[in-house]
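Chain by chain, the residues run as shown.
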Amino acid sequence: MSNMVDPLVGRIAARVRTERERRRWTLAQLADVSGVSQAMISRIERGESSPTAVVLGKLSAAFQLSVASLLALAEETPDEARDVVGVRRGADAAEWRDPGTGFRRRQITGPHFPAEVAEIRLPAGARVPYPAAAFAFVRQVVWVLDGHLTFHDGDTVHELDAGDTLELGEPAERVFANTTDTECRYAVILTRGAQP
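From a predicted model like this one, the values you see are computed outputs, not experimental measurements.

A.B. asks: Give me the lowdown on the packing of aromatic side chains, citing residues and values where you can.
C.D. replies: All told, the structure shown has six aromatic pairs when counted by the stated rule. Geometrically, the ring pair formed by Trp96 and Phe103 is edge-to-face, given 5.9 Å between the ring centres and 70° between the ring planes. Like Phe103, Trp96 is buried. A ring pair is formed by Phe151 and Phe176, whose centres lie 4.8 Å apart and whose planes are at 75°; its orientation type is edge-to-face. Here Phe151, found in strand 6 (residues 148–153), pairs with Phe176, found in strand 9 (residues 174–177); they are 25 residues apart in sequence, far enough to count as distant. Of the two residues, Phe151 and Phe176, neither departs from the other in class, the shared state being buried.

What follows is the structure, given as structure tokens:
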């Protein structure tokens, strides 16, 4: 799937730039709101750097979008923009890979489906933290498909095995961690709540 990753970096770059410009923010303003350096945002927007999951979490929080929403918007193809329904072949799905942890994400549903569903593969030893703001205005369920996931929900830690689900409540700082020596595969199911 490596041939699917590079075009996605360009689409993420365009989506970050579009979201920033839609708010009429300068690079400096987005850097201030997100905590991501202006230089890094500039490299991301030019497609020169693939953002890590942590950086995407900070940017999505600044935009008041979930990471899933930010990536789903970036993954949208011209056919999906026209609300095409039907079979989506796994081999055709774009997969985003976090250059920092090897975390891989594949969008399952199209952008116009009422719930966002993504499949995540978290490598052994990987740890991906997100700020609370990345979970604002969404309802989310984590469903472990294979392996073991250690999930930090604020100060609470949940140990989840294959078949376990966790419905998330109010936004909190969260960490997806794989403390085992084998990959963990899970699904994230997200619906949008009220936005300001």
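A.B. asks: I'd love a proper account of the environment of Ser60, names of residues and values included.
C.D. replies: Relative to the helices and strands, Ser60 is located in helix 4 (residues 53–63). According to the relative accessible area criterion, Ser60 is buried, its value standing at 0%. Distance from Ser60 to Ala136, taken between C-alpha atoms, is 10.0 Å for residues 76 residues apart in sequence. The residues touching Ser60, leaving out its near neighbours within four places in the chain, are Leu65, Ser66, Val67, Leu70 and Ala134.

A.B. asks: Would you mind going over the pattern of salt bridges in detail, with residue names and values included?
C.D. replies: Pairing between side chains of opposite charge can happen when the charged atoms of each approach one another. The full count for this structure, using the stated rule, is 15 salt bridges. Between Arg23 and Glu19 there is a salt bridge whose closest N-O contact spans 2.6 Å. The exposure class of Arg23 is partly exposed, given its relative accessible area of 22%. Across the pair Arg20 and Glu45 runs a salt bridge whose closest N-O atoms are separated by 2.7 Å. Residue Arg20 is found in helix 1 (residues 2–22), and its partner Glu45 is found in helix 3 (residues 38–45); the two are separated by 25 residues along the sequence. A network of salt bridges, in which partner residues are shared, links Glu95, Arg97, Arg104, Arg106, Glu119, Arg121, Asp146, Glu183 and Arg185.

A.B. asks: Any chance you could break down the sheet that holds strand 4 (residues 127–130) for me, citing the residues and the numbers?
C.D. replies: Read across the sheet, four strands follow the order 4-9-6-7 without closing on themselves; strand pairing throughout is antiparallel. The outermost strands of the open sheet, each flanked by one partner alone, are strand 4 and strand 7 (156–161). On average, each strand axis in the sheet is inclined to that of its neighbour by 15°, with strand direction left out of account. As defined by bridge partners, strand 4 adjoins strand 9 across four bridges and the pair is classed as antiparallel. By the bridge assignment, Tyr130 is partnered in strand 9 with Arg174.

A.B. asks: Could you give an account of unusual backbone geometry, with specific residues and numbers?
C.D. replies: Backbone geometry at Arg24 places phi at a positive 60°, although glycine is not the residue there. Within the secondary structure, Arg24 is located in the loop between helix 1 and helix 2 (27–34). Accessibility expressed as a relative area gives 76% for Arg24, which makes it exposed.

A.B. asks: Please set out the packing of helix 2 against helix 3 residue by residue, giving values where relevant.
C.D. replies: Between helix 2 and helix 3, the least distance of the axes is 9 Å, while the angle of their chain directions is 115°. The handedness of the crossing between helix 2 and helix 3 is right-handed. Here Leu27, Ala28, Leu30, Ala31 and Ser34 of helix 2 lie close against helix 3, whose contacting residues are Gln38, Ile41, Ser42 and Glu45.

A.B. asks: Requested: an account of the pairing of strand 3 (residues 116–122), with residues and values cited.
C.D. replies: Most of strand 3 is tucked away, with six of its seven residues classed as buried. Pairing geometry for strand 3 and strand 10 (residues 184–192), over seven bridges, is antiparallel. Paired with Glu119 across the bridge in strand 10 is Ala187.

A.B. asks: Residues and numbers for the environment of Val55, please.
C.D. replies: Tracing the sequence through the fold places Val55 in helix 4. By relative accessible area, Val55 is classed as buried at 15%. Sequence separation between Val55 and Ile41 is 14 residues, and the spatial gap between their C-alpha atoms is 9.2 Å.

Cut-offs and rules
Residues numbered from 1 in each chain as written. Predicted model: local features only at pLDDT ≥ 70, side-chain atom pairs only at ≥ 80, totals over all residues. Heavy atoms only, no water. Phe/Tyr/Trp six-rings, centres within 6.5 Å; stacked < 30°, edge-to-face > 60°. Buried < 20%, exposed > 50% of the residue type's maximum accessible area, 1.4 Å probe, protein only. Helix = DSSP H or I, 4+ residues; strand = E, 2+ residues; numbered from the N terminus. Contact = heavy atoms within 4.5 Å. Salt bridge = Lys/Arg side-chain N within 4 Å of Asp/Glu carboxyl O. Pairing = 2+ DSSP bridges. Axes fitted to C-alpha atoms, helices over the stretch in contact; angles between N-to-C directions. Left-handed = near helix turned anticlockwise from the far one by under 90°.

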